[in-house]
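If you want the building blocks of each chain, they are given just below.
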Amino acid sequence: MEGSGEGSRDVVLPSRPVPGSYGVPFISAVRDRLDFFYLQGEDKYFESRAERYGSTVVRLNVPPGPFIARDPRVVALLDAKSFPVLFDVTKVEKRNVFTGTYMPSTSLTGGYRVLSYLDPSEPNHAKVKQLLFSLLASRKDAVVPAFRSNFGKLFDTVEEQIVSNGKSDFTGLNDTASFEFIGEAYFGVRPSESSALGTGGPAKAAKWLLWQICPIATLGLPMIVEEPLLHTVPLPPFLVSSDYKALFKYFSAAASKALDTAESLGLPREEACHNLLFATVFNSYGGFKRLLPGILSRLARADSKLHEKLAREIRKAVADAGGKVTLAALEKMELTKSVVWETLRVDPPVKFQYGRAKADLQIESHDASYSIKKGEMLFGYQPCATRDTRVFGPTAGQFVGDRFVGEEGRKLLKYVFWSNGPETESPSVDNKQCAGKNLVVLVGRLLLVELFLRYDTFTADVGAKVVITGVTKAATSVPGKA
Ligand code: HEM
């Protein structure tokens, strides 16, 4: 590791039992859930426990606990050195741990355990992941035009709303634009053109997502409302079944070509369709819903010099490509790519990762070695790993746009973990790394390109939502500007 690691690889670390406490069964799990959501908040919840026990590997309870999860006890990995054990599928089992210590009812996914819940040792894991790789490869050329048309429209709306209301809710507009973009990019059919969905797709999708993630989410409502409603018992699946059916109808028609491919890979059509729905709506839409407002909010709070530099870099690369936004032009935008990685590092959109120890094993933090027993649940709180000062130095907690620029900067990429693997590695049918890894970084960059081809700079209020309050338009002569 940069600070202490690499050089100290030969040093024998002292062994230590994993410190921490689960407290009194049931009562402490509920009390800890309140700490996590309301009394301390996520970051403080983990940081304070690491501090109390003087260890970044520590025993603690994670939400939701009773009555949704049978067992809230985990060994938490809170540094950049211990965290990557979660990527090693020879050491951890990833069966049914996608959402953590509870698994949503399979009646929310057509009765199937979809890819995200499968361990690579299960035969369907490779088949479904291969289906997604084939789909994404076959639609490679559709991504840039689909993004530009949907987000071009989004920014037209932003400008109109700023003129009429003085502000524009990017977070809300992004829900519609991302949903339309993904459908068009993956299947060539905009969801709003499907009679089953019309313009209701994003709302139906958000409701279905809520049914699955509410045990580990907060909507910002008072504790007294959220605790009984979201965190104590699962929301009944039948209340979302008509929304799911409408989404499914869109996929069975729009994805017919991908479903043919599925059959050729030995996957039944129906199972493949539930999987495509999940990968599109949960993995992709759920991810972009968080990532794109996240990028904008970091930019809004950054130095305006960063806007200037990005605009210069993006416009030059596009001009050099004859005024076109090409994949080759995007590769030349080093700062742009760094800003996307930096956002994924400081604000990983998926913060929790889980895996069950397949056998007794040793896990090392920077300071000690710990014995883990077979069957114990390992849990990584990603922000603690990717904001580790022992790797990223004193600015670890800050957004530094150009952190990954240049040779030295790129050396740090192996500590960027947002995709459930180091940024220097690739997803495969044998691992659990995000199947959309390259697409995600591409889409993040496309947002910056669209923004800075249109505007020199912008301002936004950042809270639960990102609300754009002003844009300074670029001169009309900017090449590639929509
Ligand atoms: C898995 C993050 C977008 C498809 C994962 C995992 C993470 C992640 C952390 C591992 C979860 C675990 O097993 O613990 C993200 C983020 C995204 C994003 C932050 C966007 C900002 C996408 C997109 C796709 C996708 C666009 C499109 C295909 C998948 C699939 C898996 C996965 C299929 C399961 C992989 C497997 O089982 O081997 N993603 N993802 N994700 N992601 Fe993504």
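Report follows, based on the coordinates.

Conventions we followed
- Residues numbered from 1 in each chain as written.
- Predicted model: local features only at pLDDT ≥ 70, side-chain atom pairs only at ≥ 80, totals over all residues.
- Heavy atoms only, no water.
- Helix = DSSP H or I, 4+ residues; strand = E, 2+ residues; numbered from the N terminus.
- Buried < 20%, exposed > 50% of the residue type's maximum accessible area, 1.4 Å probe, protein only.
- Contact = heavy atoms within 4.5 Å.
- Pairing = 2+ DSSP bridges.
- Axes fitted to C-alpha atoms, helices over the stretch in contact; angles between N-to-C directions.
- Phe/Tyr/Trp six-rings, centres within 6.5 Å; stacked < 30°, edge-to-face > 60°.
- Lys NZ or Arg CZ within 6 Å of the ring centre and 35° of its normal.
- Arc of directions from axis to C-beta.
- Near = heavy atom within 4 Å.
- Polar contact = N/O pair within 3.5 Å; in protein donor to acceptor, adjacent residues only side chain to side chain.
- Nonpolar A, V, L, I, M, F, W, Y, C, P; charged D, E, K, R; others polar.
- Donors = N, O, S within 2.8 Å, 3.2 Å for Na, K, Ca; no water.
- Salt bridge = Lys/Arg side-chain N within 4 Å of Asp/Glu carboxyl O.

**Looking at the environment of Val339**
- By the secondary structure assignment, Val339 is in helix H13 (residues 334-346).
- When its relative accessible area of 0% is taken as the criterion, Val339 is described as buried.
- Separated by 61 residues in sequence, Val339 and Val400 have C-alpha atoms that sit 7.9 Å apart.
- Here Val339 is in contact with Leu299, Leu306, Leu310, Phe399, Gly401 and Leu448, once residues within four sequence places are set aside.

**Structural notes on the sheet that holds strand E11 (residues 466-473)**
- The antiparallel open sheet is built from 3 strands, whose spatial order is E5-E11-E10. Unpaired on one side and paired on the other, strand E5 (168-169) and strand E10 (455-462) mark the two borders of the sheet.
- Across 7 bridges, the pairing between E10 and E11 is antiparallel. Across the sheet, the residue bridging to Tyr455 is Lys473, located in E11.
- The strands touched by helix H4 (residues 143-165) within the sheet are E5, E10 and E11, with E11 carrying the most contacts at an inclination of about 90 degrees.
- Of the strands in this sheet, E10 and E11 are in contact with helix H10 (residues 269-301), which crosses E10 at around 100 degrees.

**Quick word on the packing of aromatic side chains**
- Applying the stated criterion across every chain yields a total of 36 aromatic pairs.
- Between the aromatic rings of Phe83 and Phe417, the centroid separation amounts to 5.5 Å while the plane-to-plane angle is 5 degrees, which identifies the pairing as stacked. One end of the pair, Phe83, is in the loop between strand E3 (73-77) and strand E4 (92-93); the other, Phe417, is in the loop between helix H16 (406-411) and helix H17 (437-454), and 334 residues separate them in sequence.
- Phe83 gets classed as buried once you look at its relative accessible area, which sits at 0%.
- Residue Phe417 is classed as buried on the basis of its relative accessible area, which comes to 1%.
- Measuring from ring centre to ring centre gives 5.3 Å for Phe147 and Phe181, while their planes differ by 80 degrees; the resulting arrangement is edge-to-face. With Phe147 in helix H4 and Phe181 in helix H5 (residues 170-187), this pair connects stretches of sequence that are 34 residues apart. The pair formed by Phe147 and Phe181 is uniform in burial state, with each residue classed as buried.
- Put simply, the rings of Phe36, Phe37, Tyr38, Tyr45, Phe46, Phe352, Tyr354, Phe379 and Tyr381 pair up and form one aromatic cluster.
- The lysine or arginine in question, Arg49, covers the ring of Tyr45, its NZ or CZ lying 3.8 Å from the ring centre.
- A cation over a ring is seen here: Arg345 above Phe392, with NZ or CZ 4.6 Å from the ring centre.

**As for helix H7 (residues 223-231)**
- For H7, the complete set of buried residues consists of Glu226, Glu227, Leu230 and His231. Down the axis of H7, the smallest arc covering the buried residues is 115 degrees, so these residues share one side.

**A few points about the site of the ligand**
- The environment of the ligand is made up of 27 residues, and the closest members are Lys94, His125, Lys129, Lys432 and Cys434.
- At 3.4 Å, a backbone N or O of Leu115 approaches an oxygen atom of the ligand.
- Those elements that provide at least two residues to the shell around the ligand are helix H3 (123-138), H10 and H17.
- Among the elements that line the shell around the ligand, the one with the most residues is H10, at 5 residues.
- The residue inventory of the shell around the ligand, partitioned by class, reads 14 nonpolar, 10 polar and 3 charged.

**Concerning the side chain of Arg454**
- Tracing the backbone shows Arg454 in helix H17.
- For Arg454, the side chain forms a polar contact with the main-chain oxygen of Gly152, separated by 3.0 Å.

**Quick word on the environment of Val158**
- Here Val158 shows up in helix H4.
- Sequence spacing of Val158 and Pro479 is 321 residues, and the spatial spacing of their C-alpha atoms is 21 Å.
- Look past the residues within four positions of Val158 in its chain and what remains in contact with it is Ser168, Leu173 and Ile468.

**Some details on the coordination of the iron atom of the ligand**
- In this structure the iron atom of the ligand is ligated by exactly one protein donor, Cys434 (SG), at 2.3 Å.
- Checked against the element boundaries, Cys434 lands in the loop between H16 and H17.

**Let's talk about the side chain of Thr386**
- As for its placement among the helices and strands, Thr386 is situated in helix H14 (residues 382-386).
- The contact partners of Thr386, leaving out residues within four places of it in the chain, are Arg345, Pro348, Phe392, Tyr415 and Phe417.

**As for the sheet that holds strand E1 (residues 15-16)**
- If you walk across this open sheet you meet the 3 strands as E1-E8-E7, and the pairing is mixed. In this open sheet, the two strands that pair with only one neighbour each are E1 and strand E7 (361-364).
- For E1 and strand E8 (residues 369-372), the ladder comprises 2 bridges, and the chain directions are parallel. Note on E8: the bridge partner recorded for Ser15 is Ser369.

**A word on the pattern of salt bridges**
- Considering all chains together, one arrives at 34 salt bridges under this definition.
- The network of salt bridges with common partners includes Arg31, Asp32, Asp35 and Arg49.

**Details of unusual backbone geometry**
- Of note, the amide linkage connecting Pro63 to Pro64 takes the cis form, showing an omega dihedral of 10 degrees.
- In this model, Pro66 is joined to Phe67 through a cis peptide bond whose omega is -5 degrees.
- Looking at the secondary structure, you find Phe67 in the loop between strand E2 (57-61) and E3.
- You will see that Phe26, though not glycine, has its phi angle at about 65 degrees, which is positive.
- A positive phi angle, close to 65 degrees, is found at Asn420, a residue other than glycine.
- Note on placement: Asn420 falls in the loop between H16 and H17.

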